[in-house]
Amino acid sequence: MEYRTVLTTCTYCGTGCGLLLEVMDGEVVGVLPAKTHPINEGKLCIKGWNAHEFIYADGRLTKPLVRKGDTLEEASWDEALETIANKFAEIKKTNGPDSLGCFSSAKCTNEENYLLQKIFRAAIGTNNVDHCARL
Amino acid sequence: MEKFKKYIKELFESGEIEGFLGIRKNGLHPVPHLFTPEHPEELETLTIPDVRYPMTEILLTIVRKYPDKKLGIMVRGCDERALNELVKNQKILPELIKHIGIACSADLAASCRCAQPYPEEIHYGEKVAPVEDRSDIEAIDTMPQEERFDYWMSEFSKCIKCYGCRNICSMCFCDQCTLEDNDLIATGQAPPAIPIFHLIRAFHMAGRCIDCGLCEEACPAHIPLRTLYRKVRESMSGFLGYVSGTEGGEKDPLEFLGSEGYMVPSKIDEK
Ligand code: SF4
Ligand code: SF4
C-alpha cells in the first residue's frame, strides 16, 4: 500500500503551475494543486486538474515514428534523430539555412527552449525561431 | 514533534494502524503522504504546517482501493467534521479509521475564520479559541435583493469551470456528478451557464458542506464560494435542524431521496 505525491510542473501551458501527481502503488491516479507553489498558490485550471490523464492514454506516443513512404513506422531514437539530422543537412545544403525553421513550445522548460533556439541559430544558422504560444 | 513521531511509530509497531496519512516535507513544500510501517524512516520528514490539503478526500482515494486497511489520518477540526459526514454516508468504516488530532494554530484559525479549529482528541498542538465571524454572510444578507442577485451574478461570471471546487471537496463523493450531467450543464463548454452551475453545487452542499473553505482556496477566480455554502449550511440548520459534520445520528435530511434525488427527473421517468 503506497500513496505519495510527486511535485512537478503542469505541462499544458507556459504559466507553469505547480502540481502534485498522486501516485498509488506506482500508478498516477490524480492531481492536486500545490498549495505552497508561488505561481498558482493552490489553484489550477481544468487542464492542470486533468494533467495526469494522458499518461495512460491509448493514443499516447511512446516511441518516435518515422515516415516511410505513406506510413508512419515506429523507430528507435537513434534512427529518428539520424533521419532528422540527415534531412536537415540535405535541405540546408540545397536551399540554404533560412529554408529551415523551428517551433518551440510553452510546454517545455526555459532550458529546453534555449537549447532549441541555440541549435537553430548557431548550428543551422537561421533566425527562423518561433513558438506555439503565438497561436 | 519528536513525541508525535514516536506516537505514530508506536501505532505502527502495535499494529493499531497500517498506514498514516499525514504531511511530509518535500524540500520547501509540505505535501500529503501515506507513511507506512515498512518505511518508518520517512517519519523523519513528517511535518505539521499551517497549510491544508484535502486529507479526507485523499483518504477516500486510498480506502476505495484498500477498504480493509486500518488507517490513521491527521485530522484538524474541519477534517474531523468531514470524517463524521463520510461515516454517516457509509463511505468509510469508523472502526478502521483512527483520528490523529491536530489543534490548529491561532494564525490558521483566524485565516480560516474557523468555528471549531480542533478535533475532539488532540495529539498535537494547543486548543485555540474558535472564531465566530459571519460578517461575510451579513454583508450580503443586508443588500437589497436585486443588488444581491447582481453581486452573485458578477461573481459567478468569473468562473472558468475548472471544477476545482468540486475536485478538492471530500463531500463531493457521488459516483456521478450532476455538474457533468449534459442535461443540466452543457459539457465541453466554458464558461458554464450561470447561475445554474453554482446553484446546483450550492444545493448539493446543503447538508453536506462542513465549512472547511478548501473550495474557496482552490478557486482561481476568487469567487466567495464559502460564503455561499455557509449560507446554505445555515439554512439547513435553521429550517431542518441539521448541522453537517456533527458526529453520529441521522444523515442529512435531503438524502432521503437517495442518489436519484440529485438526478434530472427525465432519467427517473425512463426507469
Ligand atoms: S494548470 Fe492551467 S494555467 Fe496552470 S500551467 Fe497548467 S494549463 Fe497552464
Ligand atoms: S473553483 Fe471557481 S472557477 Fe473553478 S469551477 Fe469552481 S467556482 Fe468555477
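Note that the structure is a prediction, hence the values are computed from the model and not measured.

## Observations concerning the overall build of chain A
Line of reasoning, step 1. For chain A, the count of helices and strands is 3 helices and 7 strands.
Line of reasoning, step 2. Beginning at the N terminus, the succession of helices and strands in chain A can be written as β-β-β-α-β-β-α-β-α-β.
Line of reasoning, step 3. Rg of the C-alpha trace for chain A: 19 Å, well past the compact-globule value of 14 Å for 135 residues, more than 25% over.
Line of reasoning, step 4. C-alpha atoms of chain A, sized along the principal axes, occupy 55 × 30 × 20 Å.
Line of reasoning, step 5. By the burial criterion, 30% of the 135 residues in chain A qualify as buried.
Line of reasoning, step 6. Taking the contacts inside chain A whose residues are at least 6 apart along the sequence as the reference set, 34% of them involve residues at least 24 apart.

## Looking at the packing of aromatic side chains
All names here are of chain B.
Line of reasoning, step 1. Taken as a whole, this structure holds 8 aromatic pairs over all chains when the rule is applied.
Line of reasoning, step 2. Considering the side-chain rings of Phe4 and Phe20, the 6.3 Å spacing of their centres and the 70° angle between planes classify their relative orientation as edge-to-face. Here Phe20 lies in strand β1 (residues 19-26) and Phe4 lies in helix α1 (residues 2-13), a separation of 16 residues in the sequence. As far as the burial class goes, Phe4 and Phe20 line up, both buried.
Line of reasoning, step 3. On the numbers, 5.7 Å between centres and 70° between planes, the contact of Tyr163 with Phe197 is edge-to-face. Highlighted residues: Tyr163 in the loop between α6 (145-156) and α7 (164-167) and Phe197 in helix α8 (residues 196-205), separated in sequence by 34 residues. Taken individually, Tyr163 and Phe197 each receive the classification buried, so the pair is uniform in this respect.
Line of reasoning, step 4. Across the ring face of Tyr118, the terminal group of Lys127 is positioned such that the distance to the ring centre comes to 4.6 Å.

## Describing the sheet that holds β1 of chain B
Residues and elements named next belong to chain B.
Line of reasoning, step 1. Here 4 strands make up an open sheet; going across it, the order is β2-β1-β3-β4 and the pairing mixed. Pairing within the sheet leaves two strands with one partner each, and these edge strands are β2 (29-35) and β4 (97-101). Within this sheet the neighbouring strands show an average axis-to-axis angle of 35°, counted without direction.
Line of reasoning, step 2. Sheet contacts for helix α3 (residues 77-88): β3 (71-75) and β4; angle to β3, the most-contacted strand, approximately 130°.

## Some remarks on the site of ligand 1
Line of reasoning, step 1. Close to ligand 1 lie Cys10, Tyr12, Cys13, Thr15, Gly16, Cys17, Leu44, Cys45, Lys47 and Gly48 of chain A.
Line of reasoning, step 2. For the shell around ligand 1, a count of residues per class yields 6 nonpolar, 3 polar and 1 charged.

## So, the domain arrangement of chain B
All names here are of chain B.
Line of reasoning, step 1. For chain B, the domain assignment lists domain 1 (2-112) and domain 2 (135-267).
Line of reasoning, step 2. The interface is formed by 17 residues belonging to domain 1 together with 25 residues belonging to domain 2.
Line of reasoning, step 3. Buried area between domain 1 and domain 2, both sides added, is near 1700 Å², and the carbon and sulfur share of it is 50%.
Line of reasoning, step 4. In terms of surface lost to domain 2, no three residues of domain 1 exceed Arg52, Glu85 and Lys88, which account for 35% of the buried area on that side.

## Details of the nonpolar core
Line of reasoning, step 1. Grouped together as the largest cluster of nonpolar side chains are 84 residues, with contacts concentrated most on Phe20, Leu21, Leu59, Ile62 and Tyr229 of chain B.
Line of reasoning, step 2. Ranked by residue count, the leading element in this core is helix α2 (residues 55-65) of chain B, at 6 residues.
Line of reasoning, step 3. The residues contacting Ile62 of chain B, other than those within four sequence positions of it, are Met1, Tyr3 and Met24 of chain A together with Leu21, Leu34 and Leu71 of chain B.

## A word on the domain arrangement of chain A
Residue and element names in this part refer to chain A.
Line of reasoning, step 1. With domains assigned, chain A is organised as domain 1 (3-49), domain 2 (61-95) and domain 3 (97-135).
Line of reasoning, step 2. A straight line from the C-alpha centre of domain 2 to that of domain 3 covers 18 Å.
Line of reasoning, step 3. Contact with domain 2, which involves 4 residues of that partner, is made by 6 residues of domain 3.
Line of reasoning, step 4. At the boundary of domain 2 with domain 3, total buried surface from both sides reaches about 480 Å², with 71% on carbon and sulfur atoms.

## Some thoughts on the pairing of β1 of chain B
Residues and elements named next belong to chain B.
Line of reasoning, step 1. Summarising burial for β1: 6 of the 8 residues are buried, a large majority.
Line of reasoning, step 2. Taken together, the 3 bridges between β1 and β3 define a ladder with parallel strand orientation. Bridge pairing links Gly19 to Leu71 in β3.
Line of reasoning, step 3. Pairing analysis gives 7 bridges linking β1 to β2, with the strands arranged antiparallel.

The rules behind the values
- Residues numbered from 1 in each chain as written.
- Chains lettered and ligands numbered in written order.
- Predicted model: local features only at pLDDT ≥ 70, side-chain atom pairs only at ≥ 80, totals over all residues.
- Heavy atoms only, no water.
- Helix = DSSP H or I, 4+ residues; strand = E, 2+ residues; numbered from the N terminus.
- Rg over C-alpha atoms; globule rule 2.2 N^0.38 Å.
- Buried < 20%, exposed > 50% of the residue type's maximum accessible area, 1.4 Å probe, protein only.
- Contact = heavy atoms within 4.5 Å.
- Phe/Tyr/Trp six-rings, centres within 6.5 Å; stacked < 30°, edge-to-face > 60°.
- Lys NZ or Arg CZ within 6 Å of the ring centre and 35° of its normal.
- Pairing = 2+ DSSP bridges.
- Axes fitted to C-alpha atoms, helices over the stretch in contact; angles between N-to-C directions.
- Near = heavy atom within 4 Å.
- Nonpolar A, V, L, I, M, F, W, Y, C, P; charged D, E, K, R; others polar.
- Domains from an automatic or database assignment.
- Buried area = accessible area lost by both parts, 1.4 Å probe.
- Core = buried A, V, L, I, M, F, W, Y, C linked by side-chain atoms within 4.5 Å.

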